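# Topology and contacts: notes
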Amino acid sequence: MDSEFDGKVALITGAARGIGQASALAFAARGASVVLCDVLDLDDTVAQIQAVGTKALPVQTDVADATSVRNAVDSAVATFGRLDYAHNNAGTFAVGPLADLDDADWHRVIGVNLTGVFLCMKYEIPHLIASGGAIVNTASVWSFLGTAGQAVYAASKHGVAGLTRTAAADYGRQGIRINAVAPGPIRTGMTAGVPDEFIAPIIARTTLNRIGEPAEIAETVTWLCSPAASYINGAVLPVDGGYLAT
């Protein structure tokens, strides 16, 4: 186990699987205690972190609900006495042309992907000012582009990019760095639910001609939180296999 984040505390949303689970394991492997937040069962992530030899605190959390988010952050600080890093990663999606989207799908995706990031940062930031910590939000290549069938997802992720840059401007002088990763196609439960006729051309457009792995995003997240990235603030960093380069 690395000791880069020894004595530090990281909070990760969407930690039950996919990118969030990989991120939690990456922080744990570097010595951090990890607060795991999700609406799904967290037992598998907890077991994997305990196997690494660090501490895990699971907190059932709905990021679209302010009371739930505040409880998660308060639980982190009450248990570990501090908060140093946050990866606001929880996300969902709906596919379909704009005029065909149900109102409920719009509000659900915006609630989790965009309002969720706002609420997480709102309650994390006061504690991160005290620790001089860092936040990484999960944006997307769709933070830069639009594409057919992704109206609500693209809107939410454009919003995450704007929130990230604005929060970085608000709090950089108080010692907090706030950045975002913008994944391309990654092998997760979310992409597994996307029809092949939609996901295959996206993968084919990457310059590496392959789908990415959650651990590749997690490595970038931990790097952005580390001293090695100490002069990076307000960035929305593509981790996309070269998708945006073509």
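Residues numbered from 1 in each chain as written. Predicted model: local features only at pLDDT ≥ 70, side-chain atom pairs only at ≥ 80, totals over all residues. Heavy atoms only, no water.

On to the overall build of the protein chain, then. Looking only at helices and strands, the protein chain features eight helices and seven strands. Relative to the compact-globule value of 18 Å for 246 residues, the protein chain shows a C-alpha radius of gyration of 17 Å, a close match. In the protein chain, buried positions account for 53% of the 246 residues. Considering only contacts in the protein chain between residues 6 or more positions apart, those separated by 24 or more positions represent 69%. About 10,500 Å² of surface is accessible on the protein chain, with carbon and sulfur atoms providing 54% of the total. Within the protein chain, one finds 15 positive and 23 negative side-chain charges whose respective centroids are separated by 8 Å. (Helix = DSSP H or I, 4+ residues; strand = E, 2+ residues; numbered from the N terminus. Rg over C-alpha atoms; globule rule 2.2 N^0.38 Å. Buried < 20%, exposed > 50% of the residue type's maximum accessible area, 1.4 Å probe, protein only. Contact = heavy atoms within 4.5 Å. Areas by Shrake-Rupley, 256 points an atom, 1.4 Å probe, with all protein chains shown as cover. Lys, Arg positive; Asp, Glu negative; His and termini not counted. Charge placed at Lys NZ, Arg CZ, Asp CG, Glu CD.)

Right, let's talk about the sheet that holds strand S4 (residues 85-88) for a bit. Remark on secondary structure: sheet strands pair via backbone hydrogen bonds, oriented parallel or antiparallel. The strand order across the open sheet formed by seven strands is S3-S2-S1-S4-S5-S6-S7, and the pairing between neighbours is parallel. Lying at the two open borders of the sheet, with one neighbouring strand each, are strand S3 (56-60) and strand S7 (236-239). Going across the sheet, the axis of each strand differs from the next one's by a mean of 20 degrees, ignoring polarity. By the bridge criterion, four bridges tie S4 to strand S5 (residues 134-138) in an arrangement that is parallel. The partner of Ala86 across the bridge, within S5, is Ile135. Seen against the sheet, helix H3 (residues 66-80) touches strand S1 (9-13), strand S2 (33-38) and S3 and runs at an angle of roughly 160 degrees to S3. Across the sheet, helix H4 (residues 103-131) lies against S1, S4, S5 and strand S6 (177-183), angled at about 170 degrees from S5, the strand it touches most. (Pairing = 2+ DSSP bridges. Axes fitted to C-alpha atoms, helices over the stretch in contact; angles between N-to-C directions.)

Further remarks concern the pattern of salt bridges. Scanning the model with the defined rule gives six salt bridges in all. The partner of Glu219 in a salt bridge is Arg30, with the nearest N and O atoms 2.6 Å apart. One end of the pair, Glu219, is in helix H8 (residues 214-225); the other, Arg30, is in the loop between helix H1 (18-29) and S2, and 189 residues separate them in sequence. Overall, Glu219 belongs to the partly exposed group, its relative accessible area being 41%. A salt bridge links Arg187 to Glu213; the nearest nitrogen and oxygen atoms lie 2.9 Å apart. Placement of the pair is Arg187 in the loop between S6 and helix H6 (189-192) and Glu213 in the loop between helix H7 (196-205) and H8, with a sequence separation of 26 residues. Under the relative-accessibility criterion, Arg187 is labelled partly exposed at 49%. For Glu213, a relative accessible area of 30% puts it in the partly exposed group. (Salt bridge = Lys/Arg side-chain N within 4 Å of Asp/Glu carboxyl O.)

Before going further, it helps to examine the layout of surface pockets. Estimated volume of the largest pocket: approximately 820 Å³. Within the residue set of the lining of the largest pocket, elements represented by two or more residues are H1, S2, helix H5 (151-171), H6 and H7. Size it by volume and the second largest pocket reaches roughly 170 Å³. As for the second largest pocket, its lining consists of Phe118, Met121, Lys122, Ile125, Pro126, Leu163, Thr166, Ala167, Asp170 and Tyr171. Among the elements of the structure, H4 and H5 are those that each provide at least two residues to the lining of the second largest pocket. Across the lining of the second largest pocket, the residue classes tally to seven nonpolar, one polar and two charged. (1 Å grid on protein atoms, 1.4 Å probe; cavity = no way out; pocket = protein on both sides within 12 Å on 5 of 7 lines; lining within 4 Å. Points joined across faces, edges and corners; volume = space filled by probe spheres on them. Nonpolar A, V, L, I, M, F, W, Y, C, P; charged D, E, K, R; others polar.)

Next up on the list: the side chain of Ser156. Its location among the elements puts Ser156 in helix H5. In terms of polar contacts, Ser156 uses its side chain to reach the backbone carbonyl oxygen of Tyr153, at 2.7 Å. Filtering out sequence-adjacent residues up to four positions away, Ser156 remains in contact with Val109, Ile110, Asn113 and Leu114. (Polar contact = N/O pair within 3.5 Å; in protein donor to acceptor, adjacent residues only side chain to side chain.)

Within the chain, Asn209 stands out as a residue other than glycine whose phi angle is a positive 55 degrees. One can find Asn209 in the loop between H7 and H8.

Core analysis: the biggest nonpolar cluster contains 33 residues, and Leu11, Val35, Met121, Ile135 and Ile178 have the highest contact counts within it. For this core, the secondary structure elements donating two or more residues are S1, S2, S3, H3, H4, H5 and S6. Top contributing element to this core by residue count: H4, with eight residues. Contact partners of Ile178, with chain neighbours within four places excluded, come to Met121, Ile125, Ile135, Asn137, Thr164, Ala167, Ala168, Asn233, Gly234 and Ala235. Residues Ala10, Ile49, Tyr85 and Ile186 belong to the second largest nonpolar core, which totals 28 residues. (Core = buried A, V, L, I, M, F, W, Y, C linked by side-chain atoms within 4.5 Å.)

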